Amino acid sequence: MHEDANSEGHAEELGSSPSGADRPFLALERELTLLLRRARASQGEMAREVHPELEPSAYGLLARLDECGGQRATALAAYIGVGKATMSRQLRALEELGLVAREPDPADGRAWLVALTPDGRRRVGQVREARRARYVRKLAHWDRREVAELARLLHELNGVVDK
């Protein structure tokens, strides 16, 4: 079972702080802030591993294409949470780097799908595999059920945030 170094402090975090703030939500805000700060730094490193000229914000776009295959630019923009102009600029940059290509949408000849090129798929796959291996190493002392529970809770949180 996973042992948290701060487990003694968790019981007192269930109440309210002297300022009246709800301690569990303060703890959540603190931990998410730290996690997101570290994730941004990690995303920059992973982007450079895919290609030295890749913008850190484009890494998530490549990961989405790796998971889901060809997507319309509008669907990618909605998923990532950016406007069409930003998505067009990012896709142009990715095309210039040879990581993505546009292909006609077989379901609608007027539309285009964006997909990873073979080189893009290889590069993204290598970086994602290295990232997964780092998670396995860092969380090796955790019970696999805890890892699954963390993934489930993060998925649930992402669903709430999307609404």
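Keep in mind it's a predicted model, so treat the numbers as computed, not measured. (Residues numbered from 1 in each chain as written. Predicted model: local features only at pLDDT ≥ 70, side-chain atom pairs only at ≥ 80, totals over all residues. Heavy atoms only, no water.)

Got a minute to help me understand helix α7 (residues 144-162) in this structure?
One full turn of an α-helix is made of 3.6 residues, so residues set three or four places apart face in the same direction. A rise of 1.5 Å per residue sets the reference length of α7, with its 19 residues, at 27 Å; its end C-alpha atoms lie 27 Å apart and thus fit the reference within 8%. In this structure D143 caps α7, since a side-chain oxygen of it lies 2.7 Å from the backbone nitrogen of R145. (Helix = DSSP H or I, 4+ residues; strand = E, 2+ residues; numbered from the N terminus. Expected span 1.5 Å × (residues − 1). Polar contact = N/O pair within 3.5 Å; in protein donor to acceptor, adjacent residues only side chain to side chain.)

Help me understand the nonpolar core, please; the structure alone is not making it clear to me.
One recurring pattern in soluble globular proteins: nonpolar side chains tend to sit buried together. Ranked by size, the top nonpolar core spans 22 residues in total, and within it V50, L54, L62 and L94 carry the most contacts. Secondary structure elements with two or more residues in this core: α2 (23-50), α3 (59-68), α4 (73-80), α5 (84-96), β2 (108-116) and α6 (118-138). Considering each element in turn, this core owes the most residues, five residues, to α3. (Core = buried A, V, L, I, M, F, W, Y, C linked by side-chain atoms within 4.5 Å. Buried < 20%, exposed > 50% of the residue type's maximum accessible area, 1.4 Å probe, protein only.)

Would you explain the side chain of R128 in this entry?
Checked against the element boundaries, R128 lands in helix α6. In terms of polar contacts, R128 uses its side chain to reach the side chain of E67, at 2.6 Å. Aside from chain neighbours lying at most four places away, what touches R128 is Y59, A63, D66 and E67. (Contact = heavy atoms within 4.5 Å.)

Explanation requested: the pairing of strand β1 (residues 100-105) in the structure shown.
Within a regular strand, side chains alternate between the sheet's two faces. Relative to β2, β1 runs antiparallel, the two sharing six bridges. Bridge pairing links R102 to V114 in β2. What sits between the antiparallel neighbours β1 and β2 is a turn of two residues. (Pairing = 2+ DSSP bridges.)

Whenever I open this one, a positive patch on the surface confuses me. Can you help?
A surface patch of like charges, here positive, comprises R37, R38, R40, R137 and K138. Looking at the element boundaries, R40 is found in helix α2. (Patch = residues over 30% accessible without salt bridge, like charges linked within 9 Å, V, L, I, M, F, W, Y side chains within 5 Å. Areas by Shrake-Rupley, 256 points an atom, 1.4 Å probe, with all protein chains shown as cover. Salt bridge = Lys/Arg side-chain N within 4 Å of Asp/Glu carboxyl O. Lys, Arg positive; Asp, Glu negative; His and termini not counted. Charge placed at Lys NZ, Arg CZ, Asp CG, Glu CD.)

Any chance you could explain the pattern of salt bridges here in plain terms?
Where side chains of opposite charge bring their charged atoms close, a pairing between them can arise. Applying the stated criterion across every chain, the model contains 15 salt bridges. When the shortest N-O distance is used, the salt bridge between R128 and D66 registers 3.0 Å. Residue R128 is located in helix α6, and its partner D66 is located in helix α3; the two are separated by 62 residues in the primary sequence. Between R145 and D143 there is a salt bridge; the shortest N-O distance is 2.8 Å. Residues joined by salt bridges that share partners form a network here, namely D66, E67, R121 and R128.

Would you take a moment to explain the environment of Q90 for this structure?
Looking at where Q90 falls in the secondary structure, it is placed in helix α5. On the basis of relative accessibility, which here comes to 5%, the residue Q90 falls in the buried class. Along the primary structure Q90 and L54 are separated by 36 residues, whereas in three dimensions their C-alpha atoms are 9.6 Å apart. Q90 has contacts with E55, S57, A58 and L61, leaving out every residue within four places of it along the chain.

How should the side chain of D105 be read in this particular structure?
In this structure, D105 sits in strand β1. A polar contact is formed between the side chain of D105 and the backbone nitrogen of A107, at a distance of 2.8 Å.

Is there a simple way to explain the packing of α4 against α5 in this structure?
Running from N to C, α4 and α5 cross one another at 110 degrees; their axes reach a closest spacing of 9 Å. Taken together, the axes of α4 and α5 lie roughly perpendicular to each other. For the element pair α4 and α5, the recorded crossing hand is right-handed. Each of A73, T74, L76, A77 and I80 in α4 lies in contact with α5, whose residues at this interface are K84, M87 and L91. (Axes fitted to C-alpha atoms, helices over the stretch in contact; angles between N-to-C directions. Parallel < 35°, antiparallel > 145°, perpendicular 65-115°, else oblique. Left-handed = near helix turned anticlockwise from the far one by under 90°.)

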